[in-house]
Amino acid sequence: MNIHEYQSKAILKSYGVNVPNGMPAFSVDEAVENAEKLSTPVVVVKAQIHAGGRGKAGGVKIAKNLEEVRQYATEILGKTLVTKQTGPEGKKVNRLLIEEGSNIKKEYYLSFVIDRQTARVVMMGSEEGGMEIEKVAAEMPDKIFKEYIDPAVGLMPFQASRMAYAMHFPQPAVRKVTKLMGCLYNAFVGKDCSLAEINPLVVTADDDVIALDAKLNFDDSALFRHPDVEALRDESEEDAKERRAAEAGLNYVNLGGDVACMVNGAGLAMATVDIIKYYGGEPANFLDVGGDSTPEKIAEAFSIMLDGGQAKGIFVNIFGGINKCDLVAEGIVEAAKIISQDGKSLPVPVVVRLEGTNVERGREILKNTPIENVIMAPTMEGGAEEIVRLVKEAEA
Ligand code: ADP
Ligand code: MG
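Residues numbered from 1 in each chain as written. Chains lettered and ligands numbered in written order. Predicted model: local features only at pLDDT ≥ 70, side-chain atom pairs only at ≥ 80, totals over all residues. Heavy atoms only, no water.

Some details on the site of ligand 1
Phase 1 of the analysis: Neighbouring ligand 1 are 17 residues, the closest being Lys-46, Arg-54, Gly-55, Glu-99 and Glu-107.
Phase 2 of the analysis: Take Arg-54: an N or O atom from its side chain is 2.7 Å from an oxygen atom of ligand 1.
Phase 3 of the analysis: The contact in question runs from an oxygen atom of ligand 1 to an N or O atom on the backbone of Gly-55, over 2.8 Å.
Phase 4 of the analysis: Contact with the protein chains removes 84% of the 540 Å² of surface that ligand 1 exposes when unbound. (Near = heavy atom within 4 Å. Polar contact = N/O pair within 3.5 Å; in protein donor to acceptor, adjacent residues only side chain to side chain. Areas by Shrake-Rupley, 256 points an atom, 1.4 Å probe, with all protein chains shown as cover.)

This is the structure in structure tokens:
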């Protein structure tokens, strides 16, 4: 789960990380009021969306007086911001962060992520702050430093010092930055984060060290331990279908194409996405219905896939182990009932490949309840090829 910058900063502040004073604003008047309360010579107006790259897209503005705050807040609030991270459709700005401006001497990059290879938290730092870290990694990989953290002892002071020197922090800032690293690590672990990224971390003209940007991602599987974090969820920033799927206990990721697929098991779901691509189709989604699918869950999955007209065809690829093929078949029948009035049709072609537990009964159910547009496929390859062909035909 993602949260907004101002929310991340509030969490980091509670762990002792130095962040600028600031307050969120939901209207232009509130933005001006907040700026007045801050009473600093320079105020920064920042779009709050769940995406980075705002600065370059005009979503971060430096105001020297209250008139400018009003002007920038009016410009940014309600605007759809297209950044490198939002995709071409952009994200609408519904909130602002009004914060005190810092007198930046130099920008750095600092983050904590989980490294899967070593199964440890890794701290990454670079003196190439402010720019995209992916670009630094591609063009100047030797400018990124890493410290792998032993979970039994946490971030060791020598690791923080080594990082601070590698990043070339000026001497008067070193103690401040090593302290900040420790606080950020505590926040990362304490809130079960999957990412904590400060880009930029800055040293100011008076050698203060401040986290000017803050991005926290949380491990969804640990959210139950953090109701305070869960409460920060901003549904308007999330994909509506992904949200609905999460509520139904389905693992769903929108992939943007037009061949929807409904599969059980993450591995088979990935293989299905691959095979659709192999036959020249564009998968609309990744969808793992899990091992305990009921007809209701299957019907909900259909309804989500068909919502909004994105899918031009559906490929059902079930290898029933714990899942039973007859329940999946019943789910398809149920879906047809919910989605069409006569209960006999689905708006797009559906190719079904069923294999495994109770497969005969499953096929029987689909045969005895003839739904228009449902085609049985004997193999996974054949099914994928068929659905791609049908979708292309529908588009032609
Ligand atoms: P994004 O990463 O989405 O572009 P940032 O919060 O990193 O947004 O802001 C972009 C740039 O704007 C920063 O690199 C920094 O130069 C400047 N900036 C952001 N916040 C402040 C601030 N409080 N004071 C001064 N400059 C700021
Ligand atoms: Mg940034």
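So, the packing of aromatic side chains
Phase 1 of the analysis: On inspection of all chains with the given rule, the structure shows four aromatic pairs.
Phase 2 of the analysis: Their ring planes at 20° and their centres at 4.0 Å tell us that Tyr-108 and Phe-169 sit as a pair that is stacked. A residue pair is termed long-range when its members are at least 10 positions apart, and Tyr-108 in strand S7 (residues 104-115) and Phe-169 in the loop between helix H5 (157-166) and helix H6 (171-190) qualify at 61 residues.
Phase 3 of the analysis: Centre to centre, the rings of Phe-112 and Tyr-185 are 5.8 Å apart; their planes meet at 50°, and the pair counts as tilted. With Phe-112 in strand S7 and Tyr-185 in helix H6, this pair connects stretches of sequence that are 73 residues apart. (Phe/Tyr/Trp six-rings, centres within 6.5 Å; stacked < 30°, edge-to-face > 60°. Helix = DSSP H or I, 4+ residues; strand = E, 2+ residues; numbered from the N terminus.)

A look at helix H11 (residues 325-339)
Phase 1 of the analysis: Taking 1.5 Å of rise per residue, 15 residues should cover 21 Å, and H11 covers 21 Å from first to last C-alpha, within 8% of that figure.
Phase 2 of the analysis: Considering only its buried residues, H11 is in contact with strand S14 (259-263), helix H10 (295-306), strand S16 (313-320), strand S17 (345-356) and helix H12 (359-368). (Expected span 1.5 Å × (residues − 1). Contact = heavy atoms within 4.5 Å.)

Quick look at the coordination of the magnesium ion (ligand 2)
Phase 1 of the analysis: At the metal site, the magnesium ion (ligand 2) is ligated by Asn-199 (O) and Asp-213 (OD), and these contacts range over 2.1 to 2.2 Å. Note that Asn-199 is positioned in strand S10 (residues 193-204) and Asp-213 in the loop between strand S11 (209-211) and strand S12 (215-218), a separation of 14 residues in sequence.
Phase 2 of the analysis: The exposure class assigned to Asp-213 is buried, which follows from its relative accessible area of 19%. (Donors = N, O, S within 2.8 Å, 3.2 Å for Na, K, Ca; no water. Buried < 20%, exposed > 50% of the residue type's maximum accessible area, 1.4 Å probe, protein only.)

Things to note about unusual backbone geometry
With the exception of glycine, most residues fall at negative phi, and the peptide bonds are largely trans.
Phase 1 of the analysis: Of the consecutive residues Asn-199 and Pro-200, the connecting peptide bond is found in the cis state with omega at 10°.
Phase 2 of the analysis: Following the sequence through the fold, Pro-200 ends up in strand S10.
Phase 3 of the analysis: Phi is positive for Ser-39, close to 40°, though the residue is something other than glycine.
Phase 4 of the analysis: Structurally, Ser-39 is set in the loop between helix H2 (28-38) and strand S2 (43-48).
Phase 5 of the analysis: For Ser-39, a relative accessible area of 58% translates into the label exposed.
Phase 6 of the analysis: Notably, Asn-373 is not glycine yet its phi reads approximately 80°, a positive angle.
Phase 7 of the analysis: One can find Asn-373 in strand S18 (residues 372-376).

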